[in-house]
Amino acid sequence: EEAPGTELVWIACRHHVMEILLSHVFTTLMGSSVGPEVGLFKRFQKEWTSIDKGSYSPATDDLFQDPVINRLRQEMLEYLPHALEHQQPRDDYQEFLKLSLFFIGGGRGIESFRAPGPTHHARWLDKGIYVLKINLFRSQFHMTTREVSTVTSIALFISLVYIRYWNEAPLAIRAPYIDVELLARLKAFPFPNQP
């Protein structure tokens, strides 16, 4: 603004704005991290080589008994395959969409899983990917009862609400509609009690 001598419009990247939402949900449910890495993710990364990648489990049907959750699941079982087929997202975006689909019980099988990479507090996409992978391999990865409950709640939020609006964030022409619809979904979503 100083160089041209005029005010400029400041528009944040909509993906980055959506990451603020995920960071708030993550911090509220998991608590804040005191170090540069999340301990649960670091443990999962270390155990990755011993995990049987052919033996993953989608979320169990009992997680979708709530009528709102069940309706969102049905909508996302239609939305995610369409998004994967028609939007042709880049590799990490595609992985995020696929993991969400497999978590809620859609899809025919995953050919291969990418090894979990490093995480950084500024890369919320990576944290979402970690949460979904941990859920898919929860039977092979030891977690406390609280950790299981927390990552399951976050995975449900990601795969039933967040992923759709995060995926459509770059569509600026639809931004007002997307934002209003997201606010309505957030209000209706049955978040668990905070720890």
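From a predicted model like this one, the values you see are computed outputs, not experimental measurements. Here the residue numbers are simple positions, counted from 1 along each chain's written sequence. Predicted model: local features are reported for residues with pLDDT of at least 70 only, side-chain atom pairs are reported and counted for 80 or more only, and whole-chain, interface and lining totals are derived from all residues. To obtain the side-chain values, all non-hydrogen atoms of the structure were used and water was disregarded.

This paragraph deals with the overall build of the protein. Helix and strand definitions here come from DSSP, where helices need a minimum of 4 consecutive H or I residues and strands a minimum of 2 consecutive E residues; each element is numbered from the N-terminal end. Broken down by element type, the protein carries seven helices and zero strands. Helices and strands in the protein line up, N terminus first, as α-α-α-α-α-α-α. Burial status across the protein gives 44% buried among its 195 residues. The contact rule is simple, with two residues in contact once any of their heavy atoms fall within 4.5 Å. The long-range share in the protein, meaning contacts at least 24 apart out of those at least 6 apart in sequence, stands at 76%. Accessibility here uses a 1.4 Å probe with only protein chains present; expressed as a share of the type maximum, an area under 20% marks a residue as buried, one over 50% as exposed, and anything in between as partly exposed.

Let's shift gears to the pattern of salt bridges. Salt bridge, as used here, is a side-chain nitrogen of Lys or Arg placed within 4 Å of a carboxyl oxygen of Asp or Glu. As enumerated under the stated definition, the model contains eight salt bridges in all. We note a salt bridge from glutamate 95 to arginine 114, for which the minimum N-O separation is 3.6 Å. Here arginine 114 lies in the loop between helix H4 (91-103) and helix H5 (124-136) and glutamate 95 lies in helix H4, a separation of 19 residues in the sequence. Judged by its relative accessible area of 42%, arginine 114 falls in the partly exposed class. The closest approach of N and O atoms between glutamate 168 and arginine 174, which form a salt bridge, is 3.1 Å. Taking relative accessible area as the criterion, glutamate 168 reaches 7% and is therefore assigned buried. Taken together, the shared-partner salt bridges in this structure form one network comprising Arg71, Glu75 and Arg185.

Turning our attention to the side chain of serine 159. Along the chain, serine 159 falls in helix H6 (residues 145-167). Within the structure, the side chain of serine 159 is placed 2.8 Å from the backbone oxygen of alanine 155, a separation counted as a polar contact. Excluding residues that lie within four positions of it along the chain, serine 159 makes contacts with Met76, Ser100, Phe103 and Ile104. Polar contacts here mean pairs of N or O atoms no more than 3.5 Å apart (in protein, one a potential hydrogen donor and the other a potential acceptor; neighbouring residues in sequence count only if both atoms are side-chain atoms).

Before going further, it helps to examine helix H3 (residues 67-86). Helix span is expected to be 1.5 Å times the residue number reduced by one. Compared with an ideal rise of 1.5 Å per residue, which puts 20 residues at 28 Å, H3 spans 29 Å between its outermost C-alpha atoms and is within 8% of the ideal. Where H3 bends most, the angle comes to about 25°, and this point is methionine 76. Buried within H3 are the following residues: Ile69, Leu72, Arg73, Met76, Tyr79, Leu80, Ala83 and Leu84. To obtain the bend at a residue, axes are fitted to the seven residues ending there and to the seven starting there, and the angle between these axes is taken.

A few words now on the environment of valine 17. Along the chain, the position of valine 17 falls in helix H1 (residues 14-30). Judged by relative accessible area, which is 42%, valine 17 ranks as partly exposed.

This part takes up the packing of H5 against H6. Axis lines are fitted to C-alpha atoms, over the contacting stretch for helices. Their N-to-C directions set the angle, which ranges from 0 to 180 degrees. It is at 9 Å that the axes of H5 and H6 come closest, and there the two elements cross at 130°. Classed by the angle they form, the pair H5 and H6 counts as oblique. H5 and H6 meet at a crossing whose hand is left-handed. Here Leu125, Gly128, Val131, Leu132, Ile134 and Asn135 of H5 lie close against H6, whose contacting residues are Val151, Thr152, Ile154, Ala155, Ile158 and Trp166. For this scheme, ten residues count as nonpolar: Ala, Val, Leu, Ile, Met, Phe, Trp, Tyr, Cys and Pro. Four count as charged, namely Asp, Glu, Lys and Arg, and the remainder, Gly too, count as polar. In terms of residue class, the contact of H5 with H6 is made up of nine nonpolar, three polar and no charged. Any angle that falls under 35 degrees is termed roughly parallel, while one over 145 is termed roughly antiparallel, one within 65 to 115 roughly perpendicular, and all others oblique. Note: crossing handedness is left-handed where the near helix turns anticlockwise from the far helix by less than a right angle, and right-handed where it turns clockwise.

What follows deals with the nonpolar core. Buried Ala, Val, Leu, Ile, Met, Phe, Trp, Tyr and Cys residues that are joined via side-chain atoms within 4.5 Å together make up what is termed a nonpolar core. Residues Leu40, Phe96 and Leu160 are the most contacted members of the largest nonpolar core, which totals 58 residues. At the level of elements, H1, helix H2 (39-47), H3, H4, H5, H6 and helix H7 (175-188) are the ones that each hand at least two residues to this core. Looking at this core, the element that brings in the most residues is H6, giving 12 residues. Every residue in contact with leucine 40, bar those within four places of it in the chain, is listed here: Met30, Ile134, Phe141, Met143, Glu147 and Val151.

This next bit is on H4. Working note: α-helix, 3.6 residues per turn, so residues spaced by three or four point in the same direction. For H4, which comprises 13 residues, the first-to-last C-alpha distance of 18 Å matches the rise-based estimate of 18 Å (1.5 Å per residue) to within 8%. For H4, a buried count of 10 out of 13 residues is recorded, marking the element as mostly surrounded by other parts of the structure. Of the positions making up H4, those classed as buried are Asp92, Tyr93, Glu95, Phe96, Leu97, Leu99, Ser100, Leu101, Phe102 and Phe103. Phi turns positive one or two residues past the end of H4, at glycine 105, with a value near 95°.

It is worth stressing that arrangement in space is one thing and function is another; only the former is reported here.
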